[in-house]
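One letter stands for each residue in the lines below.
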Amino acid sequence: MTKGRLEAFSDGVLAIIITIMVLELKVPEGSSWASLKPLLPRFLAYIFSFIYVGIYWNNHHHLFQAVKKVNGSILWANLHLLFWLSLMPIATEWIGTTHFASNPVAAYGICVIMSAVAYTILENLILKYEGENSKLKEAINSKFKEYISIVFYVLGIAVSFFYPYIAIGFYYLVALIWLIPDRRIEKSLKEN
């Protein structure tokens with residue numbers, strides 16, 4: 001199977017996720033700068049989640065630039081990733097409206113760790129399908145970023161019940177790690 005439909009569908013779902021998140025932002029009730037203050041937690045949650053969805057879109061795009069073909073397992077794994085990302089608007093709204101309370105921050109952590117696990121599953125299935133001698137396999141020879149991300153997510157979820165802002169800090173660190181697209185794949189593609 002070709003990868004075109006999978007990429008187009010994924011792009012559409014991610015665009016809808018961002019649209020839903022932005023539609024949850026409400027217009028201030030006044031015209032003064034002070035009327036923006038109550039909206040600040042929701043706006044910060046939106047920025048944070050927008051960055052996360054953008055990171056997934058960017059890395060998904062880079063990953064599929066190196067993919068030659070897909071199979072049914074890859075299609076399902078991609079849907080699995082999109083499922084967890086589609087929960088991002090709910091988690092975002094919950095942390096924003098509760099001003100980053102413990103349980104919502106833990107739920108947000110579960111959403112982002114499951115997205116990371118789903119992405120890792122997708123990547124592993126693609127690597128298996130592409131074969132041992134593929135350029136992608138050569139490019140992704142280390143999983144350090146993936147594994148350190150999961151460690152930070154677990155730490156974030158664990159501390160979220162006591163210190164939700166520290167948990168957000170762990171989630172933010174993971175976002176910083178992944179903000180720059182995966183250079184391993186770009187480098188491998190340039191060598192061809």
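Residues numbered from 1 in each chain as written. Predicted model: local features only at pLDDT ≥ 70, side-chain atom pairs only at ≥ 80, totals over all residues. Heavy atoms only, no water.

> Which parts of the structure should I look at to understand the packing of aromatic side chains?
Geometry of an aromatic ring pair is reported as the spacing of the ring centres plus the angle between the planes. Scanning all chains against the criterion turns up twelve aromatic pairs. Judged by centre distance (6.0 Å) and plane angle (65°), the ring pair of Tyr56 and Tyr119 falls under edge-to-face. Of this pair, Tyr56 sits in helix H2 (residues 40–65) while Tyr119 sits in helix H5 (residues 102–130); the two residues are 63 residues apart in sequence, bridging distant segments of the chain. We note Lys69 situated over the ring of Tyr129; from NZ or CZ to the ring centre the distance is 5.3 Å. (Phe/Tyr/Trp six-rings, centres within 6.5 Å; stacked < 30°, edge-to-face > 60°. Helix = DSSP H or I, 4+ residues; strand = E, 2+ residues; numbered from the N terminus. Lys NZ or Arg CZ within 6 Å of the ring centre and 35° of its normal.)

> Before we go on, may I ask you to explain the pattern of salt bridges in this structure?
Pairing is possible between side chains that carry opposite charge, provided their charged atoms lie close to one another. With the rule as written, the count across this model stands at two salt bridges. Between Glu93 and Arg42 there is a salt bridge whose closest N-O contact spans 2.4 Å. With Glu93 in helix H4 (residues 88–97) and Arg42 in helix H2, this pair connects stretches of sequence that are 51 residues apart. For Lys143, the salt bridge goes to Glu123, with nearest N and O atoms at 2.7 Å. One end of the pair, Lys143, is in the loop between helix H6 (135–139) and helix H7 (144–160); the other, Glu123, is in helix H5, with 20 residues separating them in the sequence. (Salt bridge = Lys/Arg side-chain N within 4 Å of Asp/Glu carboxyl O.)

> Got a minute to help me understand H4 in this structure?
At 3.6 residues per turn, the α-helix brings residues three or four places apart onto the same side. Turning to H4, its buried residues number three or more, namely Met88, Pro89, Ala91, Thr92, Ile95 and Gly96. In an axial view of H4, the angular spread of the buried residues amounts to 165°, which keeps them on one side of the axis. Just beyond H4, the residue with positive phi is His99, at close to 60°. (Buried < 20%, exposed > 50% of the residue type's maximum accessible area, 1.4 Å probe, protein only. Arc of directions from axis to C-beta.)

> What is the right way to read the nonpolar core from this model?
Most often, soluble globular proteins have nonpolar side chains that are buried together. Counting residues in each nonpolar core, the largest one holds 52 residues, and the members touching the most others are Tyr52, Leu63, Phe64, Tyr108, Leu136, Tyr153 and Tyr171. Every element with two or more residues in this core is listed here: helix H1 (4–23), H2, helix H3 (72–86), H4, H5, H6, H7 and helix H8 (164–178). Take this core: its biggest share by element is eleven residues, from H5. Contacts of Tyr171, omitting those with residues within four sequence positions, involve Phe48, Tyr52, Val105, Ala106, Tyr108, Gly109, Val112, Tyr153, Gly156, Ile157 and Ser160. (Core = buried A, V, L, I, M, F, W, Y, C linked by side-chain atoms within 4.5 Å. Contact = heavy atoms within 4.5 Å.)

> In this structure, what is going on with unusual backbone geometry? I would like to understand it.
Glycine aside, the phi torsion of most residues is negative, and most peptide linkages are trans. Unlike most non-glycine residues, His99 shows phi in positive territory, near 60°. Relative to the helices and strands, His99 is located in the loop between H4 and H5. Overall, the relative accessible area of 44% leaves His99 in the partly exposed class. In the Ramachandran plot, Phe100 falls in the positive-phi region, its phi being about 65° despite a non-glycine side chain. Secondary-structure assignment places Phe100 in the loop between H4 and H5. Residue class for Phe100 comes out buried when judged on its relative accessible area of 10%.

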